[in-house]
Amino acid sequence: MIVLITLLGASRTAAAKECVILLHGLARTPDAMQPMAEFLSAEGFDTANVGYPSREQSIEKLAPAAIEQGISQCAQAYRVHFVTHSMGGILVRYYLGKKPLERLGHVVMLAPPNQGSEVVDRFRKVPGFDLINGPAGLQLGTGENSLPRQLGPVDYSVGIIAGSETFNPLLSQALPNPDDGKVSVDATRVEGMSDFLVVPHSHPFIMRAESVKRQTSFFLRYGRFDHDLAPSEDRVSLRSDTPQA
């Protein structure tokens, strides 16, 4: 009997996995995070690559709908992580600030506008900006109505990877340098973060760089980045998802 119970317990432990919820950014689709999801799956994680209508609702409405969908897909996991791009990180901060997750592991945010973006400040009144970016996009500025700046410090394990290169010089003119074309490096930081890394990649494609995938997996396992990992021969996977924010 003791042997049987031990074997059953070992079987359950072996079956239990860590699950990663992936959240794309503004005006993107789950395709943007699919290369990262495939990489993490190969690393042994279960994944839930969640799509949500980023241009149709406010962050307050998007966050619970998207994150609870991911949590339901990770129902069998003993620990749940998050990997986010851009606005996806703000959804996680908003949600966890309201409803802590008991099974929470680590959070990796890629190019998050944690202090907002001056791009929104500069272009929000340009005709068509609100149609392209929706209610949530208008919340990502740096002024008094900026939702990211109303959120408090993080009190859970967060690693942030910021990009320092851009192929959009027009938008970069609105940003303090260095920047990734949408968010400045300094604006990605948040009080309470566990680790921080800057990589030579642009905002739309940072999540597809091979070094970023490796660093993301490393943080999910150890709660820190591998600062000795050289980004040599770094490659970016380009797919059909249209890069926006």
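Here we summarise the structure given alongside this text. Residues take numbers from 1 onward in each chain, read along the sequence in its written order. Confidence filtering applies because this is a predicted model: local features only for residues at pLDDT of at least 70, side-chain atom pairs given and counted only at 80 or more, and all residues used for totals across whole chains, interfaces and linings. To obtain the side-chain values, all non-hydrogen atoms of the structure were included, while hydrogens and water were left out.

**Considering the sheet that holds strand S1 (residues 18-23)**
This is how the line gets drawn: Two strands pair under a simple rule: DSSP has to find at least two bridges between them. Note on conventions: DSSP H or I runs of at least 4 residues are helices, E runs of at least 2 residues are strands, and numbering of each starts at the N terminus. Note on method: axes are straight lines fitted to C-alpha atoms, helices fitted across the in-contact stretch only, with angles between N-to-C directions ranging 0 to 180 degrees. It only takes one pair of heavy atoms within 4.5 Å for two residues to be counted as in contact.
Spatially, six strands are ordered S2-S1-S3-S4-S5-S6 in an open sheet, and the strand pairing comes out parallel. One side of each edge strand has no neighbouring strand; the edge strands of this open sheet are strand S2 (46-50) and strand S6 (195-199). Geometrically, the sheet is characterised by an average inter-axis angle of 15° between neighbouring strands, direction not taken into account. In this sheet, S6 lies alongside strand S5 (residues 157-163) in parallel orientation, the contact comprising five bridges. From the neighbouring strand, Gly-159 faces S6, where its bridge partner is Asp-195. Packed on one face of the sheet, helix H3 (residues 59-73) meets S1, S2 and strand S3 (79-85) and runs near 155° to S2. In the packing of helix H8 (residues 210-222) onto the sheet, contacts are made with S1, S3, strand S4 (104-110), S5 and S6, and the angle to S4 comes to roughly 155°.

**A short note on the side chain of His-106**
Heads up, the condition is: Type-normalised accessible area, obtained with a 1.4 Å probe on protein chains alone, sets the label of each residue: buried when under 20%, exposed when over 50%, and partly exposed for intermediate values. The term polar contact refers here to a pair of N or O atoms within 3.5 Å; inside protein, the definition further demands a hydrogen-donor-capable atom paired with an acceptor-capable atom, and it admits residues adjacent in sequence only when both atoms are side-chain atoms.
Topologically, His-106 is positioned in strand S4. Judged by its relative accessible area of 12%, His-106 is buried. For His-106, the side chain forms a polar contact with the side chain of Ser-157, separated by 2.7 Å. Beyond its immediate stretch of four places on either side in the chain, His-106 contacts Arg-79, Val-80, His-81, Phe-82, Ser-157, Phe-219, Leu-220, Tyr-222 and Gly-223.

**What to know about the state of the cysteines**
Inclusion rule: Put simply, a disulfide is two cysteine sulfurs that come within 2.5 Å.
What the rule picks out here adds up to one disulfide. Paired by a disulfide, Cys-19 and Cys-74 hold their sulfur atoms 2.1 Å apart. Between Cys-19 and Cys-74 the sulfur-sulfur dihedral comes to about -55°; the bridge is accordingly left-handed. With a gap of 55 residues between them, Cys-19 in strand S1 and Cys-74 in the loop between H3 and S3 connect regions that are remote in the sequence. You can call Cys-19 buried: its relative accessible area is 2%.

**Things to note about H8**
The test is simple: Helix span is expected to be 1.5 Å times the residue number reduced by one.
For H8, spanning 13 residues, the distance from its first C-alpha to its last is 18 Å, which sits close to the expected 18 Å at 1.5 Å a residue. In terms of burial, H8 is largely enclosed, as 10 of its 13 residues are buried. Buried residues of H8: Glu-210, Ser-211, Val-212, Lys-213, Gln-215, Thr-216, Ser-217, Phe-218, Phe-219 and Leu-220, and no others. Tucked inside the fold, the buried residues of H8 contact S1, helix H2 (34-42), S3, S4, S5 and S6. Positioned one or two residues after H8, Gly-223 has a phi angle of 75°, which is positive.

**Describing the packing of H2 against H8**
To be explicit about the condition: Note on terminology: angles under 35 degrees are roughly parallel, angles over 145 are roughly antiparallel, angles of 65 to 115 are roughly perpendicular, and the others are oblique. Each helix crossing is assigned a hand: it is left-handed if the near helix lies turned anticlockwise from the far helix by less than a right angle, otherwise right-handed if that turn is clockwise. All amino acids are sorted into three groups, where Ala, Val, Leu, Ile, Met, Phe, Trp, Tyr, Cys and Pro are nonpolar, Asp, Glu, Lys and Arg are charged, and the leftover types, Gly among them, are polar.
Contact geometry of H2 with H8 gives a least axis separation of 10 Å together with a crossing angle of 50°. With respect to H8, the axis of H2 lies oblique. For the pair H2 and H8, the crossing hand works out as right-handed. Where H2 approaches H8, its residues Pro-35, Met-36, Phe-39 and Leu-40 are matched on the opposing element by Val-212, Lys-213, Arg-214, Thr-216, Ser-217 and Leu-220. Here the contact of H2 with H8 is composed, by residue class, of six nonpolar, two polar and two charged.

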